[in-house]
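Working through the structure, step by step
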Amino acid sequence: MQGLFVVFRKELCDHFSSYRFVILFGLIAMVSFITSYMAGVHMKENLEALSKTRFSFLMLFSTPGALFSMVQFVSFFGPLIGLVLGFDSINRERAQGTLIKLVSQPIYRDAVINGKFLAGVATISILLVSIVLVISGFGLALVGVVPGIEEIWRLFIYLIISIFYISLWLGVSILFSILFKSIATSSLASVALWIFLSFFVTLGAEVAANAIAPMDRKKETKPEILIKNTRIKERVSLSSPMVLYSKATEIIINPMRKTTGSIVMMMPMEQILSSRFQNPLPLGQSVIIVFPHMTALIAITLICFAISYLVFIKQEIRT
Amino acid sequence: MDADTIIQTVNLTKRYGKQVAVDDLNLSVKEGEIFGFLGPNGAGKTTTLLMLLGLSQPSEGSASLYGLDPLRKATEVKRLVGYLPENVGFYEDLDAIQSLEYVANLNGINKEEALGKIDKLLELVGLKNDARKKINAFSRGMRQRLGIAEVIIKDPKILFLDEPTLGLDPEGAIWFMDFIASLNRDRKITVLLSSHNLSQVQKISHRVGIMINGKMVADGSMESLAREKFGVGDKEYSLEEIYMEYFQEV
């Protein structure tokens, strides 16, 4: 335990004093800030018209300002934080010859990898929490709406999911830094996997759906085929952590959304209900809807870390 | 096995695929000895040291240090053994004191004790004036001095030194060997020293072992090896002559 704490403290120190962290933090803080500012200005103009809206505070995070909302921004580029913090964590030590020194000290070998992972998670948490707090304070001043208890809870859950989502990519990059000796290879491999899972899987889902259940553009498509097509698209795209994450956070941050599925998949009664009754969902119900998504996200994060843990423990370290 | 044998390997073997790195090694080192571990590059010396430290798993056979199995009692063994690897690495953006502090923390030495120790150690290895210099500005010789300071901060009973004088200037190499001899003399530290600098090894070691292709081909004091190879004679043989004789045989 003591070794774990020493490694954790050293890594945390390294993260906070590194240029890459400062650059990353500046970039993400700036973009989130601008996005929320735009959303805030937009909201202020429309607040009279939206007099009936509840949860206006959360709209700071979910309203697309210029191009995307804060929530969408984190789902697109949040993984970069994890990748940047982890891609050279083990192989840099190997290259400079400090890994052998570390593992020949009287600490358990897992203290090294646990310390590194936990320091990364702590950095991610501090980064996200501070950005959300800054935006909240800013929104408070700009829009002048005070968050209710439920909104605070929703933000809290949003933060937890986001920390796991970004930690997943931290885990992936640490795994690659264990597997590949070269820092360039491990960084490229983790970025490639990120781009593939985040952007190409959703494209691939469409291709797969159209191949299995082709929709005819000229003739009217049978409802069964339409449903099949949509179902395949949704299932395939769920293998992307980004889709899992954005579906989960959309529901949590926006109480007006009642399903993760598309409108095609709803039964007629549901369609009528959702268009007639514009009442927000209570928090418990929102959580129930995205519970599978959250569980899956947390599970793949843990599985990913477990794999890197096992590989590292079994590996022979010579330098 | 003698009572004062503290490092012992029994039929220790390591294979990487079909290649045998260490072949059926039976080694014993007594307490308080400096054991010169010789052999050409790739003979399996480093692999042996790694197996003794529990960092590498033997394919066959076993090792013990003070009766402890390095695989099962890894932390205890690492508490007893200080290992200075060939080409020791440092966190380049730390200074000498910070680097020593990190190692002291990893060894569970508390802060005040560590600071006192660091001060003494820097004095001892002659880095007192460079204590606050970043390590990326260190020369090879200074790095090696800092390396040995990091290893002895935990007060080890055994030292494993892998090519410690590689790339040092003659003066630095002589200082280093003298320093090791003084550690052995004053602190009663047992030393396993692998080196190509034969005249230096001859000067300080009590016993030498010559390892070629994973096999220990000779093991004993300098006189007994000379007697074995050249018969009894008036001539004093240097370690270099003995080494070459063994080397040509294989």
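Going by the structure above, here's the rest.
The structure contained in this document is the topic of the report that follows. This structure is a prediction, so every number in the text was calculated from the model and none was measured.

Conventions and cut-offs
Residues numbered from 1 in each chain as written. Chains lettered and ligands numbered in written order. Predicted model: local features only at pLDDT ≥ 70, side-chain atom pairs only at ≥ 80, totals over all residues. Heavy atoms only, no water. Pairing = 2+ DSSP bridges. Helix = DSSP H or I, 4+ residues; strand = E, 2+ residues; numbered from the N terminus. Axes fitted to C-alpha atoms, helices over the stretch in contact; angles between N-to-C directions. Contact = heavy atoms within 4.5 Å. Salt bridge = Lys/Arg side-chain N within 4 Å of Asp/Glu carboxyl O. Buried < 20%, exposed > 50% of the residue type's maximum accessible area, 1.4 Å probe, protein only. Phe/Tyr/Trp six-rings, centres within 6.5 Å; stacked < 30°, edge-to-face > 60°. Lys NZ or Arg CZ within 6 Å of the ring centre and 35° of its normal.

Considering the sheet that holds strand S9 (residues 207-212) of chain B
Residue and element names in this part refer to chain B. If you walk across this open sheet you meet the 6 strands as S6-S7-S8-S4-S9-S10, and the pairing is mixed. For this open sheet the edge positions go to strand S6 (81-84) and strand S10 (215-220), each flanked by a neighbour on one side alone. Neighbour-to-neighbour, the strand axes of the sheet open up by a mean angle of 15 degrees, direction not taken into account. Sheet topology places strand S7 (residues 158-162) next to strand S8 (residues 190-194); 5 bridges connect them, and they run parallel.

A closer look at the environment of Ala248 of chain A
Residue and element names in this part refer to chain A. Residue position: Ala248 is located in helix H11 (residues 241-253). Expressed as a C-alpha distance, the spacing of Ala248 and Met294, which sit 46 residues apart in the sequence, is 6.6 Å. With residues up to four places along the chain from it excluded, the contact list for Ala248 reads Ile161, Val290, His293 and Met294.

Quick word on the pattern of salt bridges
One pass over the full model with this rule turns up 22 salt bridges over all chains. Here Lys116 of chain A ties to Glu93 of chain A by a salt bridge, and the two come within 2.9 Å at their closest N and O atoms. Of this pair, Lys116 of chain A sits in helix H7 (residues 109-142) while Glu93 of chain A sits in helix H5 (residues 91-96), and the two are 23 residues apart along the sequence. Lys116 of chain A sits in the buried class, given a relative accessible area of 3%. Owing to a relative accessible area of 2%, Glu93 of chain A belongs among the buried residues under this scheme. One salt bridge connects Glu33 of chain B with Arg207 of chain B, and the closest N-O pair in it is separated by 2.5 Å.

Things to note about the packing of aromatic side chains
All told, the structure shown has 17 aromatic pairs over all chains when counted by the stated rule. Ring plane angle 75 degrees and centroid distance 4.9 Å describe the contact between Phe16 of chain A and Phe21 of chain A, whose orientation is recorded as edge-to-face. Classification of Phe16 of chain A as partly exposed rests on a relative accessible area of 34%. Pairwise contacts between aromatic rings join Phe73, Phe76, Phe77, Trp194 and Phe199 of chain A into one cluster. A cation over an aromatic ring shows up here: Lys10 of chain A above the ring of Tyr102 of chain B, its NZ or CZ 5.5 Å from the ring centre.

Remarks on unusual backbone geometry
All names here are of chain B. Here Asn87, not a glycine, exhibits a phi torsion of approximately 50 degrees, which is positive. When its relative accessible area of 48% is taken as the criterion, Asn87 is described as partly exposed. For Glu163, which is not glycine, the phi torsion reads 50 degrees and is therefore positive. When you line up the elements, Glu163 lands in the loop between S7 and helix H6 (170-186). A residue is classified by how much of its surface remains accessible, and Glu163, at 5% relative accessible area, is buried.

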